[in-house]
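One letter stands for each residue in the lines below.
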Amino acid sequence: MKEITYLEAIREALDEEMARDPSVFILGEDVGVYGGAFRVTEGFYEKYGEWRVLDTPLSESGFTGAAIGAALVGMRPVAEMQFADFISCAFDQLVNVAAKNHYRWGAATPIVVRAPYGGNIHGGAFHSQCIEGFFYNVPGLKIVAPATAYDAKGLLKAAIRDNDPVIYCEHKYLYRRIKDQIPEEDYIVPIGKARIAIEGSDVSIITYGAMVHTATEAAKVLKGSGVSCEIIDLRTILPLDKKSIMNSVKKTNKVVILHEQTKTGGVGAEVSALISENCFDYLDGPIIRIAAPDTPVPYSAQMEEVFIPQPKEVINAVEKLMRY
Amino acid sequence: MKEITYLEAIREALDEEMARDPSVFILGEDVGVYGGAFRVTEGFYEKYGEWRVLDTPLSESGFTGAAIGAALVGMRPVAEMQFADFISCAFDQLVNVAAKNHYRWGAATPIVVRAPYGGNIHGGAFHSQCIEGFFYNVPGLKIVAPATAYDAKGLLKAAIRDNDPVIYCEHKYLYRRIKDQIPEEDYIVPIGKARIAIEGSDVSIITYGAMVHTATEAAKVLKGSGVSCEIIDLRTILPLDKKSIMNSVKKTNKVVILHEQTKTGGVGAEVSALISENCFDYLDGPIIRIAAPDTPVPYSAQMEEVFIPQPKEVINAVEKLMRY
Amino acid sequence: MDIKREDLLQLYYYLKLTRRFEDRISSLYHQGKILGGAWTSNGTEAVSVGYGYALERNDIAAPYFRDMGVFLIRGITAKRIMAQYFGKKTGVTGGKEGNVHIGDINFGVIGFPSHLADNYPVGTGAALAFKMRGEKRVAVACTGDGGTSRGDFHEAMNFAAVRKLPIVFICNNNQYAYSTPLRLQMTIKNVAERALAYDMPSKTVDGNNVVEIYKAAKEAYEVARNGGGPTFIECKTMRMHGHSEHDSAKYVPRELLEEWKKKDPILNMEKYLLENTIARKEDMEGIELRVKKEIEEAEAFAEESPYPEPDDGLKGLYATPIEEV
Amino acid sequence: MDIKREDLLQLYYYLKLTRRFEDRISSLYHQGKILGGAWTSNGTEAVSVGYGYALERNDIAAPYFRDMGVFLIRGITAKRIMAQYFGKKTGVTGGKEGNVHIGDINFGVIGFPSHLADNYPVGTGAALAFKMRGEKRVAVACTGDGGTSRGDFHEAMNFAAVRKLPIVFICNNNQYAYSTPLRLQMTIKNVAERALAYDMPSKTVDGNNVVEIYKAAKEAYEVARNGGGPTFIECKTMRMHGHSEHDSAKYVPRELLEEWKKKDPILNMEKYLLENTIARKEDMEGIELRVKKEIEEAEAFAEESPYPEPDDGLKGLYATPIEEV
Ligand SMILES: Cc1ncc(C[n+]2csc(CCOP(=O)(O)OP(=O)(O)O)c2C)c(N)n1
Ligand SMILES: Cc1ncc(C[n+]2csc(CCOP(=O)(O)OP(=O)(O)O)c2C)c(N)n1
Ligand SMILES: [Mg+2]
Ligand SMILES: [Mg+2]
């Protein structure tokens, strides 16, 4: 075992997969000589050369399309968005080409799109967005969003080995803020499987990404007042691990869904709807969503703190449910 | 009063608004000389000239961006996507420029984007999509989706007069298939207000667009077996008219949500989550969603029929709820 | 460049096959037998036949919707394509997709996504893979004159130029994008001038001369194959039907159509074959018969083929499905 | 073109103001006083000052993030901009946005959306409105060399050319896009060659010579204003800081920086003013003092200004809010 950061975990996954499989390569803006805006691919250019760590022109649609084309003829490209926000420029290629290839004409498109996403970094509206909502109604894509260094590595490896287009949401706020013990040997975290971050019995807090840590903070406080929270870390957000969600709800009968995305049309809406459909009889109270308000991400610290869901809000929601 | 089709209603709204307000103009591919792929703007070129009915190069992002720029200096552009599916190419401009202008720097962006959407026309994956899901997690946009000719006209007029970017989802399947009596005089249908399409007391069927007619068919059958369905036609799907939804649920205590969009991450998820959050105590059964399965829209008639929600599915869902 | 007689006859055969096949599609459409829409390449068949036939077996095509010649040449049979139009299970995509939305990676054909020019970046990616792996393969991508106005056109051209990728970009300049004439699409005289922005070699060829297109494509492929980078080839031609079979194309001046009718690519080729004594009238009649038979068989096959099971549409979303436990 | 002494002095003043203002931002950033990131236009100030100053009051600018000169010239004061950097309520956007994400329609400045080249189509739309309404106004849009690789660049240039819109497109070619050098961004020698694809007049000017840029912009605006259509102007310069203040720009060869240091736009202008006896040393020192004072006042204003109320961020989503009944 060794201790590494979330960012290092991503770097290791990329490095190991590139060493293992010559069809894996990286492309994007400033990923090569510079090593990436967040330095995730630092040293890769020297190690793998300019054709496997490819600095592209400033053209997200172009390089995402190119990733798709390369994938169709046997490569496993990992495309990096400099910030997840710029994925909007590649939206068409992802939604209409990558997502539909296999269904339409049977061709696998094994690409990974790395999307450094999320706020809490005073980045303002264009460097803080949660982009999973753009793709949440698009059949054919898979979306993962690790909360821990362990999962960051294991999910990225799984994504690279997967034969479908995977959007890999890596939370910028976690890059250097969290560390995990991870095994020396190769491992993957399977796509499509949630994990129980904390076992509990009174309420299920269903979340993913940086909010897993917010939920954990809240759970600690709540534990102090005798409430046992179960935290479900979704890990894969498309498609959802319905079974894990249902199992937890059947146990706790109370649900708080937490995400950093804005509320309307977020992943939480789908989770809530699934629970209503499938576990209605088990529910002992309303399904509460805690999410960012429906605005772009504001820049100033005061406003951003209101924007990003805080442990206090989770605590309040759980307490409300406990009164049910 | 006079009887016109859904398509004619759209045409009339455009024509009357252009006659009323010189700042209204139309741009898009083949909207001018040709009168639009669906002939919505037939005769406009002759009437308003090539600068108010502007044939653009094949470039959705370019002309949507241009619409935004024109709006920022006082115009009220109506951009036509030839098929809604091509809106993916303008995604970035809509999501990052239009949607965020007002919040970020206080500038109003009064554009309307007409999106001829929906399936049941054997159009396959690229000429049948419901695109509202792309934008459902994007604060700053408004999305409307009329089900009737009356609303098609009134909502388009409201959209044109609105100061925010509005995506106007016009269902291609309805163009020439439905007719309404509409007043001779000017009227609008306010954005943000749902309507009760059919009053009822046993169950609320919440829906919009072409599915309002599917729900109506189902309701007729159900009425025969003594079930009184209330049909809520959302009309505006972003932001939702929460009050109308809640009022209906409080009355009927049972909910079926119906849409043509694919299920995961659809509007129905949000509606369901809102109800769970706000009306939990009023619910006498699970909230059931009827929606398209999570795949692209298939081409062959056999498959498409399975894909598009049918009255039978609604009937089954209601009957299931009635047993609760 | 010398072309073998055999190849010339094949070019002629594919021109005919494409024309007759699409003529048949057009009739079937008007008989209401085709689901959805129907688009043909009438008058411009030389483009897809020329650049398609010039490919090697291992190359990759990223076509657009007026490229019927490419589909046929790559080995996607008329039978499978006809069944595709009928929405049958035996169609190229098993009924999932229709008409021109054809792709089969086993035949080196990347599926056409409706969104025009999307296949320019995708084709570029295939070329990138070839270059990375040191393979002597090329990619070709095609779009219309209208398609060249899209951002993806620009991003792909630029990227391919910067990285000197083994790709050839074809433009079927048929003078209209749906109803939009060239003068509302671009300010340049030749679409080929678009390539100046990338310092990319380009060529404007007679889009109704299959031999010229074949030669230009072949040459460009060889340059690309040998590390010389991309080429852009504009084929000037004229769309002789409406945009689709339901469009009467009133907006096209009749004289323009009259003028281009005389330049028909098939008549052109017949003249060429006769004048150069490569084929006699009988040879061509033989080909015509062969083509006729092939299409009849295709239609019979399509007619007789079963429709997909209604639930087939629920399958195949993912290449790596996620087991629900 | 003759330029009035007064205008030359103003150009100098804005050059200085831009430089000193951004220098201060840079220091404040390194002191941890700026939220988020900080980008400056160091070494390339002549671009935004030159094209910004050439505008008329009623014109519209659609700038990008190295256009501090434009913001200041249009009348968005140093105070408001400094407060913007501090995330204060008195900032240009009331704290909703930060640093270079500036826009104020009252001053004819369209907000900069981070997504590079997005403002090319947006600026084009403003020009379209002017042309439709028969107004004698022009729009100008600016992006970097990297930005010209994006699809939106292409779509805007093409549309503006086809409709002969009154817009001038500026490219701040500072030779790098973040770490990416020109040779990985494009194959052409001059970014101006991009304009060939649209048959659009273009010009490459010395990006460190504010007078040359001013003149080129002014001329192009007049052409546009009088119905002559768009022009593309490439300003060749060199980014002298890192991409942002946290980037040391190791990837830039030191000799390149040395070479360009000698061509500093402010030194250039001082030489020009002295040699042409337009200003004396004392005049320039006077300007320096004025600039210094202005920045000090701006900083004091920003420091003293209140932060926004936490709930301010919940407001302002829509221009036409929907009343919840
Ligand atoms: C991005 C996009 N926008 C709109 C359309 C709708 N559309 C289909 S064909 C066509 C015209 C295409 O013109 P061109 O590129 O010249 O090809 P041609 O049809 O003439 O072969 C349009 C606008 C599309 N397919 N893709
Ligand atoms: C569409 C898009 N992709 C990526 C980025 C991230 N990014 C910000 S600045 C920059 C480099 C810009 O280079 P250039 O256009 O030359 O402008 P410069 O910074 O040199 O002035 C990049 C890649 C962005 N802003 N927009
Ligand atoms: Mg064409
Ligand atoms: Mg640059």
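Residues numbered from 1 in each chain as written. Chains lettered and ligands numbered in written order. Predicted model: local features only at pLDDT ≥ 70, side-chain atom pairs only at ≥ 80, totals over all residues. Heavy atoms only, no water.

Novice: In this structure, what is going on with the overall build of chain A? I would like to understand it.
Specialist: Counting secondary structure elements, chain A contains 10 helices and 14 strands. Based on the C-alpha atoms only, the size of chain A along its principal axes is roughly 60 × 40 × 40 Å. Taking all 324 residues of chain A together, the buried fraction comes to 74%. Across chain A, the fraction of contacts at a sequence separation of at least 24, relative to all contacts at a separation of at least 6, is 83%. (Helix = DSSP H or I, 4+ residues; strand = E, 2+ residues; numbered from the N terminus. Buried < 20%, exposed > 50% of the residue type's maximum accessible area, 1.4 Å probe, protein only. Contact = heavy atoms within 4.5 Å.)

Novice: So what exactly am I meant to see when it comes to the overall build of chain C here?
Specialist: Secondary structure summary: chain C contains 11 helices and seven strands in total. Here chain C has a C-alpha radius of gyration of 19 Å; the compact-globule value for 325 residues is 20 Å, and the two agree. Its C-alpha atoms give chain C principal-axis dimensions of roughly 60 × 50 × 40 Å. Residues counted as buried form 66% of the 325 residues belonging to chain C. Within chain C, residue pairs in contact and separated by at least 24 positions form 75% of the contacts whose partners lie at least 6 positions apart. Element-wise, carbon and sulfur atoms account for 51% of the exposed surface of chain C, whose accessible area totals about 11400 Å². Of the charged side chains in chain C, 43 are positive and 46 negative, and the gap between their average positions amounts to 2 Å. (Rg over C-alpha atoms; globule rule 2.2 N^0.38 Å. Areas by Shrake-Rupley, 256 points an atom, 1.4 Å probe, with all protein chains shown as cover. Lys, Arg positive; Asp, Glu negative; His and termini not counted. Charge placed at Lys NZ, Arg CZ, Asp CG, Glu CD.)

Novice: Hey, could you run me through the sheet that holds strand 1 (residues 60-62) of chain C in this one?
Specialist: Residues and elements named next belong to chain C. The parallel open sheet is built from five strands, whose spatial order is 1-2-3-7-6. Unpaired on one side and paired on the other, strand 1 and strand 6 (202-206) mark the two borders of the sheet. If you compare each strand with its neighbour and ignore which way they point, the axes differ by 20° on average. Where helix 6 (residues 151-162) meets the sheet, it contacts strand 3 (167-173) and strand 7 (231-236), and its direction lies at approximately 145° from that of strand 3. Sheet contacts for helix 8 (residues 210-225): strand 2 (139-144), strand 3, strand 6 and strand 7; angle to strand 6, the most-contacted strand, approximately 160°. (Pairing = 2+ DSSP bridges. Axes fitted to C-alpha atoms, helices over the stretch in contact; angles between N-to-C directions.)

Novice: Please clarify how the sheet that holds strand 3 (residues 167-173) of chain D should be interpreted in this entry.
Specialist: Note on sheets: strands pair through backbone hydrogen bonds, and any given pair is parallel or antiparallel. Residue and element names in this part refer to chain D. Taken in spatial order, the five strands make up an open sheet running 1-2-3-7-6, and their pairing is parallel. On the outer flanks of this sheet lie strand 1 (60-62) and strand 6 (202-206), each paired with one strand and no other. Pairs of neighbouring strands in the sheet enclose a mean axial angle of 20°, with direction left out of account. Bridge count between strand 2 (residues 139-144) and strand 3: six bridges; the pairing is parallel. When the bridges of strand 3 are listed, Thr143 appears paired with Cys171. Across the sheet, helix 8 (residues 210-225) touches strand 2, strand 3, strand 6 and strand 7 (231-236), and the angle it forms with strand 6 is around 160°.

Novice: Would you mind going over the interface of chain B and chain A with me for this structure?
Specialist: One frequent convention defines the size of an interface as the accessible area lost when the parts assemble. Every contact between the two is made by 48 residues of chain B and, on the other side, 48 residues of chain A. Summing both partners gives a buried area of about 4100 Å² for chain B against chain A, and 59% of it is carried by carbon and sulfur. Linking chain B with chain A are six salt bridges, by the criterion used here. Its salt-bridge partner being Glu277 of chain B, residue Lys263 of chain A comes within 3.4 Å of it at the nearest N-O pair. (Buried area = accessible area lost by both parts, 1.4 Å probe. Salt bridge = Lys/Arg side-chain N within 4 Å of Asp/Glu carboxyl O.)

Novice: It is not clear to me how the site of ligand 2 should be interpreted in this structure. Could you clarify?
Specialist: Looking at ligand 2, there are 22 residues lining it, with Glu60 of chain A together with Tyr64, Arg66, Asn174 and Tyr176 of chain D nearest. More than a single chain frames ligand 2: its nearby residues are located in chains A and D. Arg66 of chain D is positioned such that a nitrogen or oxygen atom in its side chain is 2.7 Å from an oxygen atom of ligand 2. Between an oxygen atom of ligand 2 and a main-chain N or O atom of Gly146 of chain D, the distance comes to 2.9 Å. Taking 580 Å² as the accessible area of ligand 2 by itself, protein coverage stands at 97%. (Near = heavy atom within 4 Å. Polar contact = N/O pair within 3.5 Å; in protein donor to acceptor, adjacent residues only side chain to side chain.)

Novice: Would you take a moment to explain the site of ligand 1 for this structure?
Specialist: In the neighbourhood of ligand 1, 22 residues make up the surrounding shell, with Glu60 of chain B together with Tyr64, Arg66, Asn174 and Tyr176 of chain C lying closest. Residue neighbours of ligand 1 fall on chains B and C, so the site bridges chains. A distance of 2.5 Å is found between a nitrogen atom of ligand 1 and a side-chain nitrogen or oxygen belonging to Glu60 of chain B. Here a nitrogen atom of ligand 1 and a backbone polar atom of Leu116 of chain C are 3.1 Å apart. Within the complex, 97% of the 580 Å² of free accessible area of ligand 1 lies under protein. A class-by-class count of the residues in the shell around ligand 1 yields nine nonpolar, eight polar and five charged. (Nonpolar A, V, L, I, M, F, W, Y, C, P; charged D, E, K, R; others polar.)

Novice: How should the relation of the copies chain C and chain D be read in this particular structure?
Specialist: Taken as rigid bodies, chain C and chain D are interconverted by a rotation of 180° and an axial shift of 0.0 Å, the fit giving an RMSD of 0.0 Å. These values place the two chain copies in the arrangement generated by a two-fold rotation axis. Among all residues of chain C, the one whose C-alpha sits closest to the rotation axis is Gly151 of chain C, at a distance of 1.6 Å. Of the interface residues in chain C, 100% have counterparts in chain D that sit at the interface too, so the contact is made through matching surfaces. (Least-squares fit on C-alpha atoms with pLDDT ≥ 70 in both.)

Novice: Would you explain the coordination of the magnesium ion (ligand 3) in this entry?
Specialist: Any two of four tetrahedral donors ideally make an angle of 109.5 degrees at the metal, while pairs among six octahedral donors ideally make 90 or 180 degrees. Residue and element names in this part refer to chain C. Within the protein, the atoms that donate to the magnesium ion (ligand 3) are Asp145 (OD), Asn174 (OD1) and Tyr176 (O), at distances of 2.0 Å. In primary-sequence terms, the residues that donate to the magnesium ion (ligand 3) follow D-x28-N-x1-Y. With Asp145 in the loop between strand 2 and helix 6 and Asn174 in the loop between strand 3 and strand 4 (176-177), the pair connects residues that are 29 residues apart, well separated along the chain. Classification of Asp145 by relative accessible area gives buried; the value is 1%. (Donors = N, O, S within 2.8 Å, 3.2 Å for Na, K, Ca; no water.)

Novice: What's the story with the coordination of the magnesium ion (ligand 4) in this structure? I'm lost.
Specialist: Residues and elements named next belong to chain D. Those protein atoms acting as donors to the magnesium ion (ligand 4) are Asp145 (OD), Asn174 (OD1) and Tyr176 (O), and they sit at 2.0 Å. Here the donor residues for the magnesium ion (ligand 4) map to a single chain with the spacing D-x28-N-x1-Y. Taken together, the residues span a long stretch of sequence, with Asp145 in the loop between strand 2 and helix 6 (151-162) and Tyr176 in strand 4 (residues 176-177) at a distance of 31 residues. By relative accessible area, Tyr176 is classed as buried at 9%.

Novice: Would you mind showing me how to read helix 10 (residues 311-322) of chain A here?
Specialist: Think of an α-helix as turning once every 3.6 residues; residues three or four places apart then point the same way. Residues and elements named next belong to chain A. Taking 1.5 Å of rise per residue, 12 residues should cover 16 Å, and helix 10 covers 16 Å from first to last C-alpha, within 8% of that figure. Within helix 10, the full set of buried residues consists of Pro311, Val314, Ile315, Ala317, Val318 and Leu321. Taken around the axis of helix 10, the buried residues stretch over an arc of 165°, which confines them to a single face. Taken together, the buried residues of helix 10 touch strand 10 (203-207), helix 6 (211-224), strand 13 (255-262) and strand 14 (288-292). (Expected span 1.5 Å × (residues − 1). Arc of directions from axis to C-beta.)

Novice: Any chance you could explain the confidence of the model for chain A here in plain terms?
Specialist: Low pLDDT marks stretches whose predicted atomic positions should not be read closely. On average, chain A scores 98 in pLDDT, and the residues at 70 or more come to 100%. When pLDDT is averaged over each helix and strand of chain A, the minimum, 96, is found for strand 8 (residues 179-182) of chain A and the maximum, 99, for strand 4 (residues 76-80) of chain A. (pLDDT = per-residue confidence, 0-100.)

Novice: Explanation requested: the relation of the copies chain B and chain A in the structure shown.
Specialist: Copy one and copy two of the chain differ by a rotation about an axis and a translation along that axis. It takes a turn of 180° to lay chain B on chain A, together with a shift of 0.0 Å along the axis; the resulting RMSD is 0.0 Å. Counting the interface residues of chain B, we find that 100% of their copies in chain A are interface residues as well, pointing to one common contact surface.

Novice: Would you explain the side chain of Asn42 of chain C in this entry?
Specialist: All names here are of chain C. With respect to the helices and strands, Asn42 occurs in the loop between helix 1 (5-30) and helix 2 (45-53). Of the polar contacts made by the side chain of Asn42, one reaches the side chain of His241; its length is 3.4 Å. If near-sequence neighbours (up to four positions away) are discounted, Asn42 is found in contact with Arg19, Glu22, Asp23, Met238, Arg239, Met240 and His241.

Novice: Looking at this model, I keep getting lost on helix 1 of chain C. Mind explaining?
Specialist: The first and last C-alpha atoms of helix 1 of chain C sit 37 Å apart over 26 residues, in line with the 38 Å expected at 1.5 Å per residue. Gly32 of chain C sits one or two residues past helix 1 of chain C and shows a positive phi near 80°.

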